[in-house]
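# Examining the three-dimensional arrangement
Given next are the chains, with one letter for each unit.
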Amino acid sequence: MLYIGNFPSLIHLLQLCYSFSLAMADGSRDIFSALDNAKTQLYHFKAIVIAGMGFFTDAYDLFCITAVTKLIGRLYYYDPSKGEPGKLPKNVNNAITGVALCGTLAGQLFFGWLGDKLGRKQVYGITLITMVGCAFASGLSFGSTPHSVIASLCFFRFWLGFGIGGDYPLSAVIMSEYANQKTRGAFIAAVFAMQGVGILVAGAVAMIVSKSFLVAYKAEVFSKNHVLSTQPEGDYVWRIVLMFGAVPAMLTYYWRMKMPETARFTALVRGNHEKAAADMAKVLEHDIIVDESKPKIPAVPNPSYKLLSREFVRRHGLHLLGTTTTWFLLDIAFYSLQLTQKDIYPATGLVPKASSMNAIEEVYKISKAMFLVALFATVPGYWFTVFLIDRIGRFIIQLGGFLLMSIFMAVIGFQYNDLRGYKDKCPSDSTDELCEGKPYLFAALYGLTLFFANFGPNSTTFIVPAEIFPARFRSTCHGISAAAGKAGAIIGAFVVQNYTQTDEKIKRAIVSLSVVNLIGFLFSFLVPETKGKSLEQLSGEDMNEGDSEGVKKADDTV
């Protein structure tokens, strides 16, 4: 062996580091093998419910506002000179619906980074408290003028979104690090599927609350009485609907705090193999034996490279580009589907003209339409993903979803007026807002687009970033990917919707969105298939891969 002065050569140092890293890895391998090969048991389902309740609250709070914005418009923005029900100004409507998305983007970046610094469990409770507190506060929005009520509502919804943003990376990463290798995709997808349940329950709660008030406080329709058609008690309806979303998440707070830190974070980032084994022994059905003489330092062969460093870009740069671009492109199209939502309800006869209803009745009709769309289009897509993702893989589901979304949206765009119908062709005494369209075909195409969004990239873009990055960057990279998605959602909520002021512009926008989906299809080729592989294989933390290969090559040359 060659020596330079009193110091060993670089090759000798590499040999020592490699031998030492092999010794350190044994403890981690025992833990990871036990996790990857553990049979599905009660604790896995418990973790799905605990993590899923956060996503239930996320979806409920982000989508329940759709059911009550028209009511808020009637209550606070009625202008007698216009002869029509009160309506939120476009900038106010965009602020109410979009401010939560801005908060979500900020929360994804901040809590994603914090989850890698402090640990998943330590940050997990903070996000839940933020969501619960701000959901309640949203319903208590105060003020004596419309502007003060809307300002306080937007303030609380921003911070609600901030808490929701933190739940994205943390729930995904916690579930991926708890799950076994065989059914990891289904478990993460099941957590995300609670988003669909949240949308469904948002429609159901708004329907029940509005129906209860409708029975108790009857009123004439707007066309017969412009003033009394808006019941003052409606001010309680939207507040109760917003506040209810906090209840299920609040009930899971105790169990969320009782969850141990994930073994992969404890072993790979903190370097404490014995603590990781002890935590997992509490939830698995057998003990994990780790030699206590092994050092308590990270088992990653070379943890020196940092996030977004040259080495990180070499190893994971294309993966991060793939996860961010596909999520960004998806959410532009997915959130812009709200463009057609205001037309699909009246076009199918689910929601009649606003002037033919009183204020609370309108909430009931809109929430009923929300519930039916979620039941028959949104929720099934999520659960198709749960049942099939570990059979056919993430890659095929994402490619197929993007492609079919593109096809259906192109058909809707090119045939928009004929499918939707026309306002000027309705008889004067008609309660329908649109006539002479093809409502059932329109509803079918719209439903299929939603179905293949959820049995497609809306689910896979959430799952894959929780699998392919190293443990010490996993939460941060998932947060970056999710924030890119929310940037796309903000473009959909503000830029696209502000552009679509006429039917012709709506047609162009929907056709353009079909092209956006095709671009997402192409960028999907940057994302690897993760089915059937361990997290350590995917991230390069497996001791037989990554930096150790360079050491072995150096050893061979001695």
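Everything numeric here is computed off the predicted structure, so don't read it as measured data. (Residues numbered from 1 in each chain as written. Predicted model: local features only at pLDDT ≥ 70, side-chain atom pairs only at ≥ 80, totals over all residues. Heavy atoms only, no water.)

## Section: the overall build of the chain
For the chain, the helix and strand inventory stands at 23 helices and two strands. Taking the intrachain contacts of the chain between residues at least 6 apart in sequence as the baseline, contacts between residues at least 24 apart amount to 83%. Taken as a whole, the chain presents about 22500 Å² of accessible surface, with 65% of it coming from carbon and sulfur. (Helix = DSSP H or I, 4+ residues; strand = E, 2+ residues; numbered from the N terminus. Contact = heavy atoms within 4.5 Å. Areas by Shrake-Rupley, 256 points an atom, 1.4 Å probe, with all protein chains shown as cover.)

## A closer look at the environment of Leu 448
Relative to the elements of secondary structure, Leu 448 occurs in helix H18 (residues 439-454). Given the relative accessible area of 34%, Leu 448 is considered partly exposed. For the pair Leu 448 and Phe 408, spaced 40 residues apart in the sequence, the C-alpha separation amounts to 7.4 Å. (Buried < 20%, exposed > 50% of the residue type's maximum accessible area, 1.4 Å probe, protein only.)

## Comments concerning the side chain of Ser 141
Inspection of the secondary structure puts Ser 141 in the loop between helix H5 (120-139) and helix H6 (146-178). A polar contact of 2.7 Å, which involves the side chain of Ser 141, links it to the backbone oxygen of Ser 138. Within the structure, the side chain of Ser 141 is placed 3.5 Å from the backbone nitrogen of Leu 153, a separation counted as a polar contact. If sequence neighbours within four positions are ignored, Ser 141 has contacts with Val 149, Ser 152, Leu 153, Phe 156, Trp 238 and Arg 239. (Polar contact = N/O pair within 3.5 Å; in protein donor to acceptor, adjacent residues only side chain to side chain.)

## As for helix H20 (residues 471-499)
For H20, which comprises 29 residues, the first-to-last C-alpha distance of 42 Å matches the rise-based estimate of 42 Å (1.5 Å per residue) to within 8%. Largest kink in H20: about 30°, centred on Gly 492. H20 sits mainly inside the fold: 22 of its 29 residues count as buried. (Expected span 1.5 Å × (residues − 1). Bend = angle between axes of the 7 residues up to and from the residue.)

## Observations regarding the packing of helix H2 (residues 42-63) against H5
One way to put it is that H2 packs onto H5 with a least axis distance of 11 Å and a crossing angle of 35°. Crossing angle aside, the handedness with which H2 passes H5 is left-handed. Residues Ile 50, Ala 51, Gly 54, Thr 57, Asp 58 and Asp 61 of H2 touch H5, and the partners they reach there are Tyr 124, Met 131 and Ala 135. Of the residues assigned to the contact of H2 with H5, the class counts are five nonpolar, two polar and two charged. (Axes fitted to C-alpha atoms, helices over the stretch in contact; angles between N-to-C directions. Left-handed = near helix turned anticlockwise from the far one by under 90°. Nonpolar A, V, L, I, M, F, W, Y, C, P; charged D, E, K, R; others polar.)

## Points about the packing of aromatic side chains
A complete count under the given rule lists 33 aromatic pairs for this structure. Centroid distance Phe 110 to Trp 113: 6.3 Å. Interplanar angle 40°. Geometry classified as tilted. Note that Phe 110 and Trp 113 are positioned in helix H4 (residues 90-118) at a spacing of three residues, about one turn of the helix. Assessed through its relative accessible area of 40%, Trp 113 is described here as partly exposed. Judged by centre distance (6.4 Å) and plane angle (75°), the ring pair of Phe 142 and Phe 156 falls under edge-to-face. (Phe/Tyr/Trp six-rings, centres within 6.5 Å; stacked < 30°, edge-to-face > 60°.)

## Re a nonpolar patch on the surface
Judged by side-chain polarity, Leu 403, Ile 407, Val 411 and Leu 518 come together as a nonpolar surface patch covering roughly 290 Å² of accessible area. It is helix H16 (residues 394-414) that provides the largest number of residues to the nonpolar patch, a total of three residues. If you trace the backbone, Ile 407 turns up in helix H16. (Patch = residues over 30% accessible without salt bridge, like charges linked within 9 Å, V, L, I, M, F, W, Y side chains within 5 Å. Salt bridge = Lys/Arg side-chain N within 4 Å of Asp/Glu carboxyl O.)

## Side note on the environment of Gly 52
Relative to the elements of secondary structure, Gly 52 occurs in helix H2. In sequence terms Gly 52 and Ala 172 are 120 residues apart; their C-alpha atoms lie 9.6 Å from each other. Apart from residues no more than four positions distant in its own chain, Gly 52 is found in contact with Ala 47, Val 191 and Met 194.

## Concerning helix H13 (residues 310-336)
Because each turn of an α-helix spans 3.6 residues, side chains separated by three or four positions in sequence point in the same direction. Relative to the 39 Å expected for 27 residues at 1.5 Å per residue, H13 spans 36 Å between its end C-alpha atoms, a close match to the ideal helical length. When the local axis directions of H13 are compared, the greatest deviation, roughly 70°, occurs at His 316. Most of H13 is tucked away: 20 of the 27 residues are buried.

## Comments concerning the nonpolar core
In this structure, Ile 72, Ile 96, Met 175, Trp 238, Met 259, Tyr 345 and Phe 462 are the most contacted members of the largest nonpolar core, which totals 131 residues. In terms of residues, this core owes the most to one element, helix H7 (residues 184-216), which gives 17 residues. Residues within four places of Ile 96 in sequence aside, it is in contact with Ile 65, Thr 69, Leu 88, Ile 150, Leu 153, Cys 154 and Arg 157. (Core = buried A, V, L, I, M, F, W, Y, C linked by side-chain atoms within 4.5 Å.)

## Brief notes about the side chain of Arg 157
As for its placement among the helices and strands, Arg 157 is situated in helix H6. Here Arg 157 occupies a buried position and makes no salt bridge, while the nearest side chain of opposite charge, Asp 61, is found at 5.9 Å. Within the local environment of Arg 157, its side chain forms a polar contact with the backbone oxygen of Ile 96, the two atoms lying 3.3 Å apart. In this structure, Arg 157 is in contact with Asp 61, Leu 62, Ile 65, Ile 96, Val 99, Ala 100, Ser 138 and Leu 242, ignoring residues within four places of it in sequence. (Lys, Arg positive; Asp, Glu negative; His and termini not counted.)

## Section: the pattern of salt bridges
Should their charged atoms come close, side chains of opposite charge can pair. All told, the structure shown has 13 salt bridges when counted by the stated rule. Asp 116 is the partner of Arg 120 in a salt bridge, and the nearest nitrogen-oxygen pair spans 2.7 Å. A residue is classified by how much of its surface remains accessible, and Arg 120, at 0% relative accessible area, is buried. Take Asp 116: its relative accessible area is 6%, and that puts it in the buried class.

## Remarks on the confidence of the model for the chain
Taken residue by residue, the chain gives an average pLDDT of 82. The fraction at 70 or more is 85%. In this model residues 544-558 is a low-confidence stretch, pLDDT under 50, and it forms 22 contacts with partners more than four residues away in sequence or in other chains. (pLDDT = per-residue confidence, 0-100.)

## A few points about the environment of Asp 79
Within the secondary structure, Asp 79 sits in the loop between helix H3 (65-76) and H4. In this structure Asp 79 comes out as partly exposed when scored by relative accessible area, which is 31%. At 2.7 Å, the side chain of Asp 79 forms a polar contact with the side chain of Ser 81.

## Side note on the packing of helix H15 (residues 359-392) against H16
For the pair H15 and H16, the least separation of the axes is 7 Å and the interaxial angle reads 120°. In terms of their interaxial angle, H15 and H16 are classed as oblique. The segment H15 lies against H16, with Leu 388, Ile 389, Asp 390 and Ile 392 engaging Arg 394, Ile 396 and Ile 397. Taken together, the residues of the contact of H15 with H16 sort by class into five nonpolar, no polar and two charged. (Parallel < 35°, antiparallel > 145°, perpendicular 65-115°, else oblique.)

## Some words on unusual backbone geometry
Even without glycine at this site, Leu 308 takes up a positive phi of about 65°. Secondary-structure assignment places Leu 308 in the loop between helix H12 (273-283) and H13.

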